[in-house]
There are 4 protein chains.
Amino acid sequence: MTFDELDEFTVEVPSWAYGNSGTRFKVFAAPGVPRDPYEKVADAAQVHRHTGLAPRVSLHIPWDRVDDYAALAAYAKEQGVRIGAINSNLFQDDDYKLGSLAHADPAVRAKAVAHHRECLDVMRATGSKDLKIWLPDGTNYAGQDSLRDRQDRLADSLQRIYTAMDPDQRLLLEYKFFEPYFYAMDIPDWGTSLLHCLALGERAQVVLDTGHHAPGTNIEFIVMQLLRQDRLGAFDFNSRFYADDDLIVGSADPFQLFRIMVEIVSVGAHRPASRVNFMLDQCHNIEEKIPGQIRSVLNVEQALAKALLVDTAALSAAQRSGDVLGAHGLLMDAFETDVRGPLADRREERGLPRDPVAAFAASGYAATAAATRVGGRQAGWGA
Amino acid sequence: MTFDELDEFTVEVPSWAYGNSGTRFKVFAAPGVPRDPYEKVADAAQVHRHTGLAPRVSLHIPWDRVDDYAALAAYAKEQGVRIGAINSNLFQDDDYKLGSLAHADPAVRAKAVAHHRECLDVMRATGSKDLKIWLPDGTNYAGQDSLRDRQDRLADSLQRIYTAMDPDQRLLLEYKFFEPYFYAMDIPDWGTSLLHCLALGERAQVVLDTGHHAPGTNIEFIVMQLLRQDRLGAFDFNSRFYADDDLIVGSADPFQLFRIMVEIVSVGAHRPASRVNFMLDQCHNIEEKIPGQIRSVLNVEQALAKALLVDTAALSAAQRSGDVLGAHGLLMDAFETDVRGPLADRREERGLPRDPVAAFAASGYAATAAATRVGGRQAGWGA
Amino acid sequence: MTFDELDEFTVEVPSWAYGNSGTRFKVFAAPGVPRDPYEKVADAAQVHRHTGLAPRVSLHIPWDRVDDYAALAAYAKEQGVRIGAINSNLFQDDDYKLGSLAHADPAVRAKAVAHHRECLDVMRATGSKDLKIWLPDGTNYAGQDSLRDRQDRLADSLQRIYTAMDPDQRLLLEYKFFEPYFYAMDIPDWGTSLLHCLALGERAQVVLDTGHHAPGTNIEFIVMQLLRQDRLGAFDFNSRFYADDDLIVGSADPFQLFRIMVEIVSVGAHRPASRVNFMLDQCHNIEEKIPGQIRSVLNVEQALAKALLVDTAALSAAQRSGDVLGAHGLLMDAFETDVRGPLADRREERGLPRDPVAAFAASGYAATAAATRVGGRQAGWGA
Amino acid sequence: MTFDELDEFTVEVPSWAYGNSGTRFKVFAAPGVPRDPYEKVADAAQVHRHTGLAPRVSLHIPWDRVDDYAALAAYAKEQGVRIGAINSNLFQDDDYKLGSLAHADPAVRAKAVAHHRECLDVMRATGSKDLKIWLPDGTNYAGQDSLRDRQDRLADSLQRIYTAMDPDQRLLLEYKFFEPYFYAMDIPDWGTSLLHCLALGERAQVVLDTGHHAPGTNIEFIVMQLLRQDRLGAFDFNSRFYADDDLIVGSADPFQLFRIMVEIVSVGAHRPASRVNFMLDQCHNIEEKIPGQIRSVLNVEQALAKALLVDTAALSAAQRSGDVLGAHGLLMDAFETDVRGPLADRREERGLPRDPVAAFAASGYAATAAATRVGGRQAGWGA
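Residues numbered from 1 in each chain as written. Chains lettered and ligands numbered in written order. Predicted model: local features only at pLDDT ≥ 70, side-chain atom pairs only at ≥ 80, totals over all residues. Heavy atoms only, no water.

As recorded in an unreviewed UniProt entry, chain A goes by the name L-rhamnose isomerase, listed as coming from Mangrovihabitans endophyticus.

Right under this line is the structure:
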């Protein structure tokens, strides 16, 4: 188990994971939570420092609005990381009550499109190449709006954004089964997202958030299908039992995460050349946030490591010969292998801690943050 | 279609439906939203004024905390309504991050129990007889806590509350499939709620919230089963497509609401003597709140009216003879009947508007509220 | 309520609905069940005779194999109906244990492709223009086969079938969430079906079976999306609470059926020019089969009639103005309207029975069938 | 890792797993499949021979009806196993079309009760102590029958069976979410099963089939709750992605199986004294049956072995201190441990093959069975 294939693999972490988050019922605050984008980047850098796996941090606009994005990017570089995807926000403006890019009112749509122009500027200032759009638009009641008109308006708005992009910028379009609307989402599934991407052009690709599917959906099938269409742009990793639970990736169904990684490995999409961006999109409502992120990136790496262990020649032979149990058994052999030791060895060889969670705890960073980040307003989903 | 059976039927409305609500992503504010419990009661009274169906309003403590509950009750009476169930809150105190009545720390549990003593006092002051407990406790990660220890602690806490109750007070215990925790809820299903009620005693009964079940759950079966055990204390009505969507009751699946009402009618539980409390528990995130409530109580009445139309003698005969299509057809005949006209006639006979939504719109109440409720802080789930 | 728009609307019935069906646990036989395709067609003709709504009957090959298809078509014409879509069977040959069009073995795929050439010949002999393919292929265990290779093989097989088609023949490709395989289906969702259709050409279109979706899926959204892509070829109507339950359409969620029909009507797809084929695909495991089919086609007509009642001008105005409750209320007004009387009037005007179920019962057809269809082997899913 | 706690642990295998099974679409036959109960017992004995884990085989009446049950029991003993639970069949008699123990017709109920008297006699003849009842009763259409009357009739029928039991016999009552009926099952959930058991008496206990729940149900919570009530009588193990998929246990979600076993171990219920009967209830539709069973019992043992590795002292301490990530991490540490080697060592020490699947393949048993079991009728769900 040498895992050379892991050398170039990275996971992108979201700035908002370091701020407070919660449910509609309550957001619990925690000591030491960042109060601005700089502090979020500093926290994110801790994850990379202890794991060597997370060299990029996604920003969310307007939550991470700063006066000088170049300065923020420079600060990130100092901290050992760089700015990743830029996420737009289409759900927190009062004008977006009934939608944004799909809103019936052209003025609201124009505002939402303009917001993406701002995001493209942030990308230019920070060196980011990925514009990630999660469209929260939808309706709560049958009849509330025309499902079809909303698609047409959405297509038009997306076209305007796509047109404003530079040739080296990508549009990553996410889908979600439900929430924040409960009758119909305007991009509820991968099929809808893909159709919009196909209409836009090659630089539009689909984002697969592992928490955004109907119960029972076979996610690795979708991964395969999007890869087969050359349209899998990125993952938003997290765990789900019921809804968009946003728990730590790999904590609810580690076997599913492994199966997803098996599909990834089968076409070499874990390598940077694939341009698949492996991102986290999670909440840490009740657990510590930086350790939660450390555990998350380690879980992704662990699943990938196991996927790399699959004996693909034997598996293909078993599959071709119709040996159902044999083929399944070969997959399970990889999954059952304990890779924690070899991965710790690998870290050690690279000057990283064998146990990143313990190393972070020992670093005293959390205590310092709690002691020094006093006053101001803790960051959350609203900022 | 005379519907005499509807005469005594009432629906209880929740004070929090008139405040702002939303999702974890955004709470959209609206003009004229109440700023205190008095204004909420005034809004609730509008629903009764125009429908004659909603003479009680549930309170939520601490959201509806006032200095003088007797004064609030008197105000309600002036407005033509009275105080219904008192709802406790176990999810918004920082101490409740890892649970309340089931928390590992006895001090937190004691605090949560004490909060219910306060609620019992509010009941004494307002004349309310129903203490409604929704336990939001749960865990987000496997291993986070002992599922069994949590049950034992919960049983102990509930016993302390039950002991503190007066002989004419009821404890109504709600269950919920998921949210705000995502790995395990401590009262996830009717079975768990019922077991706790059985352990407590006769004055403990189950609350069935129509939005709190797994996908595909046959809710009318649970209604039947709880009625068969004499333990159906109350409904929290709302509509659900996916999760605890809290949409207007009857808006997502009117046939399901009808089927529930058929079970109710089959044992006469729509009559006050059954002591089943038919309550709403909804959000009006994007639609107007008072009209949303009016539509909701009308939807419940409409479903009940249709249930009363079932030809029970013919139905029983068809059922006994194994006439599958005949029996089903008799049920559908009741459902397909348009009862809007007869119900409007009924209202007119009673001096109520034929179209309560239109009557409210014509009343100018909303405009007055928007104009006069200026300044202060709009009520929401946090207050 | 004149409902002229209903004049040209028809529903296609499946030959297999008149045979025995059941679950994996038991197929209950019934007296009078057809023993060959001629008797199935005769039964199907009863549905049309009493409703005027069902002038076509789908065949399933090999279940409906006869020596002389032209003779069968002529017999149908005598009975007042004609042959509709031809359904292939990819699940009942021993060779198909691990798949058919997606099987790893080219010989099995060739056999499955050849079967469709037979079906195309049946179409030429019967005048049918629709080849309907439901691909039951899938896998039961992770690792059992390569999900991607299966897509590639499937695409190749479909291409061979498409190439063999005449210019006036359509390929209708169905998707299904799960069953008869339980880990991954090879066409699990509308997105996969559509991608294959897009790759094939304009005469390949998607079949939407209302029972083939994940829990909570918004089906009318998919209807809208497929219509927007001009790729909705046909419905397989039935009802579902949990899985592919195959209950009578409209019996589980009549409001959903109405919402589907609203999307259909919104673009005029209920008219024959749309070429959307409205078919039933149901089982009648415990209820009488012909009355079950009669009820089904009436349920579809009823939902369409209500959809035609929507005040579209008022609805559009309410939608454009953001009047959430108003727009929803307009939709509900149409749904709440009782159209049974006007539809009975319509039938009477056309010389059809007001109550088709009662008329069939009075006709004595069932008793005659039970008395005369003695000996032989009753038809079922196996023949 | 010594795993002494595994010494007494056993898994019971079902006779029907060795016969043919399938879906409603097709049952694929396989060479060498048993043709009678003796051959089934012989096959079951192979599982025990190679794993040492499966010393009991459940029978299903009438599928396993023989003239001389004592002779069958003696044959089992010769083969190194014994007869386990006796399963009744309430779904394959034509009289049971609309139900059995809950049927409207007292004559049908009496017949179903009488069938259980026969099963009790089989128990007396074979030494079995467990009567397992899965009630397939339910309805397909709303209104088809009275949900409540069915409960009352069921309670009466169960009482008659319970009364007929010997003092050392147990009644194990299973529940199921849906199938073979699709509107309402008469025992759809653990709550309903438990209520009936409580009404019957101490020797009535609940069977938890891991495939019989709504999507998203937390099964380990139910395990905990039933153990807490001292009413968990048995498991029916299998895997599920969507419905009652009946796949190999541990093949769909090995982490869930581990979590279930953690609850078991936490109260010592893996020890025989608990009287929890760990049974398989699976189909092997497309894979080899005996190897499928071997893999299954190994999967259960593996999950239990991992559960025994949990550092319970450290876990309790982390739980009590509110260390969410620490507690979760301790659980995951046990799950991530590769126990395949130590379990193979254990087998070797006991004179069992390190790799039971390979050992069975090498034994030539399958080839012999295929060669000698010629003629006759292969066993399936119908016999």
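**Q** Lay out the overall build of chain A with the relevant residues and their values.
**A** If you tally the helices and strands in chain A, you get 13 helices and 10 strands. For a compact globule of 383 residues, the expected C-alpha radius of gyration is about 21 Å, and chain A comes in at 21 Å, within 12% of that figure. Projected onto its principal axes, the C-alpha positions of chain A cover 60 × 55 × 40 Å. Taken over 383 residues, chain A has a buried fraction of 69%. (Helix = DSSP H or I, 4+ residues; strand = E, 2+ residues; numbered from the N terminus. Rg over C-alpha atoms; globule rule 2.2 N^0.38 Å. Buried < 20%, exposed > 50% of the residue type's maximum accessible area, 1.4 Å probe, protein only.)

**Q** Quick one: what's the story with the packing of helix 3 (residues 106–126) of chain D against helix 4 (residues 147–164) of chain D, residue by residue and with numbers?
**A** Residues and elements named next belong to chain D. Contact geometry of helix 3 with helix 4 gives a least axis separation of 10 Å together with a crossing angle of 30°. When the interaxial angle is binned, helix 3 and helix 4 end up roughly parallel. Where helix 3 crosses over helix 4, the handedness of that crossing is right-handed. Packed against helix 3, whose contacting residues are Arg-109, Val-113, His-116, Arg-117, Leu-120 and Arg-124, the element helix 4 presents Arg-153, Ser-157, Arg-160, Ile-161 and Ala-164 at the interface. Its residues assigned to classes, the contact of helix 3 with helix 4 shows 4 nonpolar, 2 polar and 5 charged. (Axes fitted to C-alpha atoms, helices over the stretch in contact; angles between N-to-C directions. Parallel < 35°, antiparallel > 145°, perpendicular 65-115°, else oblique. Left-handed = near helix turned anticlockwise from the far one by under 90°. Contact = heavy atoms within 4.5 Å. Nonpolar A, V, L, I, M, F, W, Y, C, P; charged D, E, K, R; others polar.)

**Q** Break down the packing of aromatic side chains for me, citing the residues and quoting the values.
**A** Summed over the entire model, instances satisfying the criterion amount to 86 aromatic pairs over all chains. Plain terms: the ring middles of Phe-25 of chain C and Trp-134 of chain D are 5.0 Å apart, the flat faces sit at 50° to each other, and that makes the pair tilted. Taken as a pair, Phe-25 of chain C in the loop between strand 1 (12–14) and helix 1 (37–51) and Trp-134 of chain D in strand 4 (residues 130–134) lie in two separate chains rather than in one. Of the two residues, Phe-25 of chain C and Trp-134 of chain D, both sit in the buried class. (Phe/Tyr/Trp six-rings, centres within 6.5 Å; stacked < 30°, edge-to-face > 60°.)

**Q** How would you sum up the pairing of strand 2 (residues 56–60) of chain A? Please name residues and give values.
**A** Residues and elements named next belong to chain A. For strand 2, the tally of buried residues reaches 5 of 5 residues, placing the bulk of the element in the interior. Burial along strand 2 is two-sided: Arg-56, Ser-58 and His-60 and Val-57 and Leu-59, pointing in opposite directions, are all buried. Bridging between strand 1 (residues 12–14) and strand 2 involves 3 bridges; their strand directions are parallel. Directly across from Pro-14, in strand 2, lies its bridge partner Ser-58. Taking the sense of rotation as the criterion, the β-α-β connection linking strand 1, helix 1 (residues 37–51) and strand 2 turns out right-handed. Relative to strand 3 (residues 82–87), strand 2 runs parallel, the two being bridged by 4 bridges. Across the sheet, the residue bridging to Val-57 is Ile-83, located in strand 3. For the crossover from strand 2 across helix 2 (residues 69–79) to strand 3, the handedness is right-handed. (Pairing = 2+ DSSP bridges. Right-handed = clockwise from strand over helix to strand, strands pointing away.)

**Q** Talk me through the interface of chain A and chain C; I want residue IDs and the actual numbers.
**A** Interfaces are often sized by the amount of accessible area the parts lose when they come together. With 50 residues of chain A in contact, the opposing surface of chain C contributes 50 residues. For the pair chain A and chain C, the summed buried surface comes to about 4,000 Å²; carbon and sulfur atoms form 64% of the total. Three residues stand out in chain A for area buried against chain C, namely Arg-148, Phe-221 and Arg-228 of chain A, and they jointly supply 16% of the buried area on that side. Where chain A packs against chain C, one counts 2 salt bridges. Taken together, the links from chain A to chain C amount to 16 residue pairs in polar contact (both at pLDDT 80 or more). At the level of secondary structure, the elements contributing two or more residues to the side of chain A that touches chain C comprise helix 4 (147–163), strand 7 (184–185), helix 5 (190–200), helix 6 (219–228), helix 7 (254–266), helix 9 (312–320) and helix 10 (324–336) of chain A. (Buried area = accessible area lost by both parts, 1.4 Å probe. Salt bridge = Lys/Arg side-chain N within 4 Å of Asp/Glu carboxyl O. Polar contact = N/O pair within 3.5 Å; in protein donor to acceptor, adjacent residues only side chain to side chain.)

**Q** Got a sec to walk through unusual backbone geometry? Specific residues and values, please.
**A** With an omega of 10°, the peptide bond between Glu-179 of chain A and Pro-180 of chain A qualifies as cis. Among the secondary structure elements, Pro-180 of chain A is positioned in the loop between strand 6 (170–174) and strand 7. Residue Pro-62 of chain C is bonded to the preceding Ile-61 of chain C through a cis peptide linkage, with omega at 20°. You can see Pro-62 of chain C is positioned in the loop between strand 2 (56–60) and helix 2 (69–78). If you check the backbone angles, Glu-179 of chain B has positive phi at about 80° while not being a glycine. You can see Glu-179 of chain B is positioned in the loop between strand 6 (170–174) and strand 7 (184–185). Looking at Glu-179 of chain B, the relative accessible area reads 14%, which means it is buried.

**Q** Quick one: what's the story with helix 1 (residues 37–51) of chain D, residue by residue and with numbers?
**A** In this model helix 1 of chain D runs 21 Å from its N-terminal to its C-terminal C-alpha over 15 residues, within 8% of the 21 Å that 1.5 Å per residue would give. Once helix 1 of chain D ends, the next one or two residues include Gly-52 of chain D, with phi positive near 65°. (Expected span 1.5 Å × (residues − 1).)

**Q** Would you mind going over the environment of Gln-205 of chain A in detail, with residue names and values included?
**A** All names here are of chain A. Mapping Gln-205 onto the fold places it in strand 8 (residues 204–209). Take Gln-205: its relative accessible area is 11%, and that puts it in the buried class. Placed 193 residues apart in sequence, Gln-205 and Glu-12 show a C-alpha to C-alpha distance of 17 Å. At a separation of 2.7 Å, a polar atom in the side chain of Gln-205 contacts the side chain of Arg-170. Reaching out from Gln-205, the side chain makes a polar contact with the backbone oxygen of Asp-230 at a distance of 3.0 Å.

**Q** For the relation of the copies chain A and chain C, give the residues involved together with the corresponding values.
**A** The pair of chain copies shares a relation made of a rotation about an axis and a shift along it. With an RMSD of 0.0 Å, the fit of chain A onto chain C corresponds to turning through 180° and sliding 0.0 Å along the axis. The superposition operator between the copies reduces to a two-fold rotation axis. No C-alpha of chain A approaches the rotation axis more nearly than that of Gly-191 of chain A, which lies at 2.2 Å. A shared binding surface is used by both copies, with 100% of the interface residues of chain A retained as interface residues in chain C. (Least-squares fit on C-alpha atoms with pLDDT ≥ 70 in both.)

**Q** Account for the interface of chain D and chain C, naming residues and giving values.
**A** With 41 residues of chain D in contact, the opposing surface of chain C contributes 41 residues. Both sides together, the interface formed by chain D and chain C hides about 4,100 Å², and carbon and sulfur atoms give 64% of it. Connecting chain D to chain C are 8 salt bridges. With a closest N to O distance of 2.6 Å, Arg-24 of chain D and Asp-244 of chain C form a salt bridge. Joining chain D to chain C, the criterion identifies 18 residue pairs in polar contact (both at pLDDT 80 or more). Taken together, the residues that form the side of chain D that touches chain C break down as 23 nonpolar, 7 polar and 11 charged.

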